[in-house]
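Here is how the chains run, residue by residue.
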Amino acid sequence: MDFFTAQDHARRKTGQLVVLLIAAVIALIAVTTVVIAIVIHFMRDDRGSVTADSLLAALSPELVAVVALGVVAFVSIGGLFKRSQLRRGGGKVVAEALGGREINPNTENANERRILNVVEEMAIASGMPVPSVYLLQETGINAFAAGFDTSDAVIGITQGAINHLSREELQGVVAHEFSHILHGDMRLNMRLISVLHGVLLIGLLGYILLRSTTSRGRSVRRNNQNNKGAVVVLALGVALAVIGYAGTFFGNWIKAAVSRQREYLADASAVQYTRNPNGIGQALIKIGSHTQGARIEASQASEYSHLFFGQGMKLGFTRLLATHPPIRQRIKRVMPHWNGEFNASFSAPAVSDVANAGDQSAVGFADIPSAHSSAATMTGASAQAAIASMGQPGPRHLANAKATLDALPARIRRATQDPYAVRALMYALLLSQDIEVRKQQLASLQQVALPDVYREVMSHAGEVLMLRDQLRLPLMELALPALKNLSVDQATHFRQCMVELINADSKVSLFEWTLYHWLVHHLGLGKKDSGAAVRKLSDLQPECQMLLNVLARAGQSDPDKVNAALDAAEKELPFALSVKSEVPDIKSLGPAVSRLRRLRPQQKPAVLQAMARCIEHSEQIKPAEAELFRVIADMLECPMPPLLIEG
């Protein structure tokens, strides 16, 4: 399944979720009405038995209306509250609720360093920002991805997983979780948490009443009075607990209906990403053989059970409500020759296709050409291959990511993990190659930056200025986890310093715009676009024209070549690009991209294809064009793998 089909499928699943929720609420109203009618009957006559006639007598249209209103209000308020809570904090809210702590980017622990490296490689290979990684102090082998989009996504991993899984197996598990991020499952799962929270709150209220009734009952026995009041509260608590169990049942039913098949897709994607079924297959075998399995003991684990890599909760009397397929079936799908035994020494036959081991070993730093190299250039095939690989990076992308990380100077990589140095790196990226302009920028920065940060700028500026253009975007991606840990005041000041650097020469270069808007987008420093989704690309013709005009001028300044690039892009669009000679104001590009983000998934391929045609028309893609192409795609919620040298 390609990226856009998967995204659209996840969106359709959201519609299915709404239908299932309505059905569950109707059933919950029916159960609640019956239970309350029984309670009312006993309150009227605690010696009478429940019969059909007495139950019908207790039921009334007024009771049904009140119960329906109460249940809908409770579910709606609970869901809206949870959605607001998750929206404010993103994936880290889930990770912290499960008892996770963020792994410090500059950790010295070998196991923690290994999982961070695996996540960094997968993120760069996928073309998305590096997510923060949270460690859960759980002995079970499990993991999860949480967040609404790539800007607030986190990866969670248990202590049991990093203790017992090899690097190859961790790569398979992380690839599975990245599939959930890239295919829209993660966002769907977060919506599922919000929707079901109100349903589960009813049961929680029942448990609270039951606990309060227990202590009250002891007091009643001592005082031998108010016995009937205690019975009423006890009955109400039992009723709410029964309703709560019904809510839990319907909640798990919805989770199972929405989630199970997506696990098979994520398993298959993990094999496709790594071309190594042994990675994810052996991880599943270890879960099956481990005494704790994939069990998560955190108190809120049941609420987030559908996010986990493995079945995190103990199953009850039936597997029909399981959020994950049976582990044996999952192993058989990725390792058809599995002998059925949970033996860690079993290995699947090697995968033989175009992405074999020979391809992986042949990919290295040659795929990261120098800005001045003519021997190795990116062509139109590179752009088309990148679009085709969206949401499904392969071994070449993983090898390229490893080569990229190795190509970054060790001192700069360490600096991405320090809260002061990481800001200095971003400032240094904005420094001009022109000495006089750079002097103006540093003078302006010295007036506003923190002294410690400014010293780090002066320490790292030389190395950053010498970086190849192809390493700038990976450096930005690596810097995000540390930048996301800035406080609100620190992030605001960070933004002000970037503005000072950009405005020092009264001009905004293309890269300055790219870096600034990309960071503002992923750090949540800009205004949230709350507009409704746009159904037709033709409704955003001015925005497309603005974007393509800027992109056409990223690689050349000759008017004839610019027009040729726009003519090529126009063939992918349902409208003509009317004014092609107009030089766009780059400051208007931000609002244009913001509005283009509202396109539905199936409308975005045309924009990406037009962008690709625009930069490939000359049969040679320059680094600045490739960089802007990928950054805009990422801001459109279409993470694009790096453009590799084809042929």
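What you are looking at is a predicted structure, and each value in this text was computed from that prediction instead of being measured. In this convention, every chain numbers its residues from 1, walking through the sequence in written order. With pLDDT at 70 or above as the cut-off, local features in this predicted model cover only qualifying residues; side-chain atom pairs require 80 or more to be listed or tallied, and sums for whole chains, interfaces and linings still use all residues. Heavy atoms from the whole structure form the basis of all side-chain values; hydrogens and water molecules are not counted.

Visitor: Summarise the overall build of the protein chain; cite the residues concerned and give the values.
Guide: Secondary structure summary: the protein chain contains 26 helices and four strands in total. Buried residues in the protein chain amount to 54% of all 647 residues. Working rule for contacts: check all heavy atoms of both residues, and any pair within 4.5 Å makes them a contact. Within the protein chain, residue pairs in contact and separated by at least 24 positions form 78% of the contacts whose partners lie at least 6 positions apart. Within the structure as shown, the protein chain displays about 27800 Å² of accessible surface, and the carbon and sulfur contribution to it stands at 55%. Each helix corresponds to a stretch of at least 4 residues labelled H or I by DSSP, and each strand to a stretch of at least 2 residues labelled E; elements are numbered beginning at the N terminus. Only protein chains enter the calculation, and the probe is 1.4 Å; a residue is then buried if its accessible area is under 20% of its type maximum, exposed if over 50%, and partly exposed in between. In short, Shrake-Rupley with a 1.4 Å probe defines the accessible areas, and a residue's cover is counted only from the protein chains shown.

Visitor: Which residues make up the confidence of the model for the protein chain, and what are the values?
Guide: pLDDT expresses how confident the predictor is about each individual residue, on a scale running from 0 to 100. When pLDDT is averaged along the protein chain, the result is 82, and 80% of the positions lie at 70 or above. In this model, residues 352-366 is a region of pLDDT below 50 whose contacts with residues beyond four sequence positions or in other chains number 17 contacts. Taken together, the stretch residues 369-376 has pLDDT below 50 and engages in eleven contacts with residues farther than four places along the chain or on a different chain.

Visitor: Could you give me a rundown of a nonpolar patch on the surface, with the residues and numbers involved?
Guide: By definition, no residue in a patch forms a salt bridge, and every one has over 30% relative accessible area; like charges are joined within 9 Å, nonpolar side chains (Val, Leu, Ile, Met, Phe, Trp, Tyr) within 5 Å. A pairing counts as a salt bridge when a side-chain nitrogen of Lys or Arg comes within 4 Å of a carboxyl oxygen of Asp or Glu. Residues V18, I22 and I26 make up a contiguous nonpolar surface patch of about 280 Å² in total accessible area. Residue position: I26 is located in helix α1 (residues 3-44). Accessibility expressed as a relative area gives 55% for I26, which makes it exposed.

Visitor: Please give an account of unusual backbone geometry that cites residues and values.
Guide: With glycine set apart, most residues show a phi of negative sign, and most peptide bonds adopt trans. Positive phi, normally seen in glycine, also occurs at S506, with a value near 60°. Judged by its relative accessible area of 69%, S506 is exposed. Of note, the phi angle at E637 is positive, near 65°, even though the residue is not glycine. Summarising the element assignment, E637 is placed in the segment after α26 (623-635).

Visitor: Could you give me a rundown of the packing of helix α22 (residues 541-552) against helix α24 (residues 589-596), with the residues and numbers involved?
Guide: In this description, a line fitted to the C-alpha atoms serves as the axis of each element, helices being fitted only across the stretch in contact, and the angle between N-to-C directions of two axes falls anywhere from 0 to 180 degrees. Remark: α22 packs on α24, axes separated minimally by 9 Å, with the N-to-C direction vectors making an angle of 125°. Between α22 and α24, the interaxial angle falls into the category oblique. At the point where α22 passes α24, the crossing takes the left-handed sense. Residue-level inspection shows E543, C544, M546, L547 and V550 of α22 in contact with α24, the latter providing L589, A592, R595 and L596. Residue polarity follows a fixed list, in which Ala, Val, Leu, Ile, Met, Phe, Trp, Tyr, Cys and Pro are nonpolar, Asp, Glu, Lys and Arg are charged, and the others, Gly among them, are polar. Residue classes in the contact of α22 with α24 are distributed as seven nonpolar, no polar and two charged. Reported orientations rely on four angle classes, namely roughly parallel under 35 degrees, roughly antiparallel over 145, roughly perpendicular from 65 to 115, and oblique for the rest. For any helix crossing, the convention is left-handed if the near helix is rotated counterclockwise from the far helix by under a right angle, and right-handed if that rotation is clockwise.

Visitor: Hey, could you go over the pattern of salt bridges for me, with residue numbers and the actual values?
Guide: For the structure shown, the criterion picks out 20 salt bridges. Close ionic contact of D469 with R472 constitutes a salt bridge, the shortest N to O distance being 4.0 Å. Given the relative accessible area of 16%, R472 is considered buried. Three or more residues joined by partner-sharing salt bridges are found here, namely R113, E120 and R413.

Visitor: Run through the sheet that holds strand β1 (residues 101-102), naming residues and quoting values.
Guide: Through backbone hydrogen bonds, the strands of a sheet pair up, either in parallel or in antiparallel fashion. Note: two strands are recorded as paired if DSSP finds a minimum of 2 bridges between them. Taking strand neighbours across the sheet as the criterion, the four strands line up as β1-β2-β4-β3 in an open arrangement whose pairing is mixed. With one partner strand each, in any of the chains shown, β1 and β3 (143-146) form the two edges of the open sheet. Judged from the five bridges that link them, strand β2 (residues 132-136) and strand β4 (residues 154-158) form a sheet pairing that is parallel. Bridge assignment links L136 to a residue of β4, and that residue is T158. Packed onto the sheet, helix α5 (residues 110-126) meets β1, β2 and β4 and runs at close to 140° relative to β2.

Visitor: Got a sec to walk through the pairing of β2? Specific residues and values, please.
Guide: Counted residue by residue, β2 has five buried out of five residues, so it is predominantly covered. Here β2 shows a buried face lined by S132, Y134 and L136 and a second buried face lined by V133 and L135. Here β1 runs beside β2; their pairing, made up of two bridges, is antiparallel. Across the sheet, residue R101 finds its bridge partner in β2, namely L135.

Visitor: Help me get a handle on empty space enclosed by the protein, residues and values and all.
Guide: Definitions used for this entry: grid spacing 1 Å over protein atoms alone; cavity, a set of points where a 1.4 Å probe fits but cannot get out; pocket, an open set with protein on both sides within 12 Å along at least 5 of 7 lines; lining residue, one with an atom within 4 Å of a point. Grid points are joined across faces, edges and corners, and a volume is the space filled by probe spheres set on the points. Following the criterion strictly, the structure yields five cavities of 30 Å³ or more and no others. By volume, the second largest cavity amounts to about 130 Å³. Along its surface, the second largest cavity is lined by 16 residues, and P105, L116, E120, V130 and P481 are the ones closest to its centre. Where the lining of the second largest cavity is concerned, the elements lending two or more residues are α5, β2 and α19 (472-484).

Visitor: Describe the packing of helix α16 (residues 421-429) against helix α18 (residues 451-465), listing the residues and the values that go with them.
Guide: Closest axis-to-axis distance for the α16/α18 pair is 8 Å, and the angle between their directions is 50°. Of the possible angle classes, the one that applies to α16 and α18 is oblique. For α16 against α18, the interelement crossing comes out right-handed. Residue-level inspection shows A421, R423, A424, L425, Y427, A428 and L429 of α16 in contact with α18, the latter providing V453, E456, V457, H460, A461 and V464. For the contact of α16 with α18, the residue count by class is ten nonpolar, one polar and two charged.

Visitor: Give me the lowdown on the packing of aromatic side chains, citing residues and values where you can.
Guide: Centre-to-centre distance and the angle between the planes together describe a pair of aromatic rings. For Phe, Tyr and Trp, rings pair up if their centres lie within 6.5 Å, where Trp contributes its six-membered ring, and each pair is then called stacked (planes under 30 degrees apart), edge-to-face (over 60) or tilted (otherwise). Following the criterion strictly, the structure yields three aromatic pairs and no others. Whether a charge sits over a ring depends on NZ of Lys or CZ of Arg being within 6 Å of the ring centre and within 35 degrees of the ring normal. Looking at R333, its charged tip hangs above the ring of Y264, at a distance of 3.6 Å from the centre. The ring of Y420 carries R423 above its face, with NZ or CZ at 5.2 Å from the centroid.

Visitor: Describe the environment of W253, and please don't skip the residues or the numbers.
Guide: Residue placement: W253 occurs in helix α9 (residues 227-274). Under the relative-accessibility criterion, W253 is labelled partly exposed at 33%. Along the primary structure W253 and A24 are separated by 229 residues, whereas in three dimensions their C-alpha atoms are 8.9 Å apart. In contact with W253, not counting residues within four places along its chain, are L20, A23 and L321.

Visitor: Which residues make up the pairing of β4, and what are the values?
Guide: When you tally the buried positions in β4, you get five out of five residues, the bulk of the element. Side chains V154, G156 and T158 project from β4 onto one buried face, and the interleaved I155 and I157 project onto a second face that is buried too. In terms of strand pairing, β3 meets β4 through four bridges, oriented antiparallel. Residue A146 lies in a different strand from β4, and its bridge partner there is V154.

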